[in-house]
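Analysis of the macromolecular model
Letter by letter, the chains look like this.
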Amino acid sequence: MRNLVLGSLSVTGLTDINSFSLPVKTLFPSFDDKILNEKEALDPKVISNGLIHLTIRSWLLRQFGQNILIDCCVGAHKNRPNHPNWHKRDGKDWLKALIKEGLRPEDIDIVMCTHLHADHVGWNTKLENGRWVPTFPNARYICGKQEYKHWSNTYKKSDRHGSFQDSVLPIVEKGQMEFVQDEWELAEGLITQLTPGHTPGHLSLKSKEGAFFCGDIIHSPLQLRYPELSTAFCSDPILARSSREKVLLEISETGSYLIPAHFADPGWTKIKKSRFGYKQIK
Ligand SMILES: [Zn+2]
């Protein structure tokens, strides 16, 4: 896996699931089949045979001797019967990728949760003697106040996968979770920014070195061409679209790297405005 080095910041992707495929209309209910005829808009790595392909990865940030993780993917041994390839998996490749970077779970200083969906909090915890415990014993885990409040009020009804209970509450119970305001300095030069809509308190992270870690405000390069497409999993699709449009505009104007959670390798891109939406700068 390549590293992206921007000034004092080094960025490395840690992949948990290389290609997770689902019917395009399951992800994007308003997807118009006419798009399938637009050959130039469609990369087979992005869509093929009516399936959209996503990667599930964390970002490892290293700067000034600190090791920071953004999001924790699907994880291992979690009970996810609705997703056979997430269900009780061994998932060791993700840990191996971390170790390959010369790091142990003990070496992680900060874990930032952009939001609390099951494919972003999995490795927050690991199974030890039948109990879920923090995977990163020395880390401060960071979550937006609004995001936590939303899920703690609704998880008994709305936690589709049980991930709030097995991957978030054990961190809170250990006293390792900190709840932060919408705009908060996570570490030197790294500021959180509220980008709501996919979930009510979704946070992105901006680096002054020119990187924008945007979690799930965008899932697929298809949404560069069609920024209006929100997913079936967005709590407020209209607000999600508005957050996405603002961020894409800002990134294209500042020349920052767009770094979402689900793009294929390398997982980051620069973008420019085009006649229709945005284009990746290769
Ligand atoms: Zn996601």
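Conventions we followed
All residue numbers refer to positions counted from 1 along the written sequence of the respective chain. Local features in a predicted model are, by the rule used here, given only for residues with pLDDT of at least 70; side-chain atom pairs are given and counted only at 80 or more, and totals for whole chains, interfaces and linings are based on all residues. Excluding hydrogens and water, the side-chain figures rest on all heavy atoms present in the structure. What makes a salt bridge here is a side-chain nitrogen of Lys or Arg within 4 Å of a carboxyl oxygen of Asp or Glu, nothing more. Per-residue accessibility, obtained with a 1.4 Å probe over protein chains only, is compared with the maximum for each type, and a residue is labelled buried under 20%, exposed over 50%, and partly exposed between these values. Only DSSP runs of H or I reaching four residues or more are called helices, and only runs of E reaching two or more are called strands; each is numbered from the N terminus. Contacts: residue pairs with any heavy atoms within 4.5 Å of one another. Donors, by definition, are the N, O and S atoms found within 2.8 Å of a metal, the threshold being 3.2 Å for Na, K and Ca, and water is not counted, so a site can look incomplete. By the criteria applied here, four donors are tetrahedral when all angles lie between 85 and 135 degrees, four are square planar and six octahedral when opposite donors are over 155 degrees apart and every other angle lies between 65 and 115, and any other arrangement is irregular.

1. Some remarks on the pattern of salt bridges
If you walk through the whole model with that rule in mind, you get 12 salt bridges. The partner of aspartate 32 in a salt bridge is lysine 34, and the shortest N-O contact between them spans 4.0 Å. By relative accessible area, which is 35% here, aspartate 32 ends up partly exposed. Classification of lysine 34 by relative accessible area gives exposed; the value is 60%. Ionic pairing is found between arginine 104 and aspartate 107, a salt bridge with its closest N-O pair at 2.9 Å.

2. Things to note about helix α5 (residues 163–173)
When you tally the buried positions in α5, you get 8 out of 11 residues, the bulk of the element. Every buried residue belonging to α5 is among Ser163, Phe164, Asp166, Ser167, Val168, Leu169, Pro170 and Ile171, and all of these are buried. In this fold, the buried residues of α5 make contact with α3 (118–121), β7 (125–128), β8 (131–134), β9 (140–144), α4 (145–158) and β10 (177–180). Positive phi appears at glycine 175, one or two residues downstream of α5, with a value of about 80°.

3. Topic: the coordination of the zinc ion
Metal coordination angles have textbook ideals: 109.5 degrees for a tetrahedral set of four donors and 90 or 180 degrees for an octahedral set of six. At 2.1 to 2.2 Å from the zinc ion lie its protein donor atoms, namely Asp119 (OD), His120 (NE2), Asp216 (OD) and His262 (NE2). One way to put it: the 4 donor atoms around the zinc ion meet at angles of 87 to 159°, and that makes the site irregular. Linear spacing of the donor residues for the zinc ion on their chain is D-H-x95-D-x45-H. Residue aspartate 119 is classed as buried on the basis of its relative accessible area, which comes to 14%.

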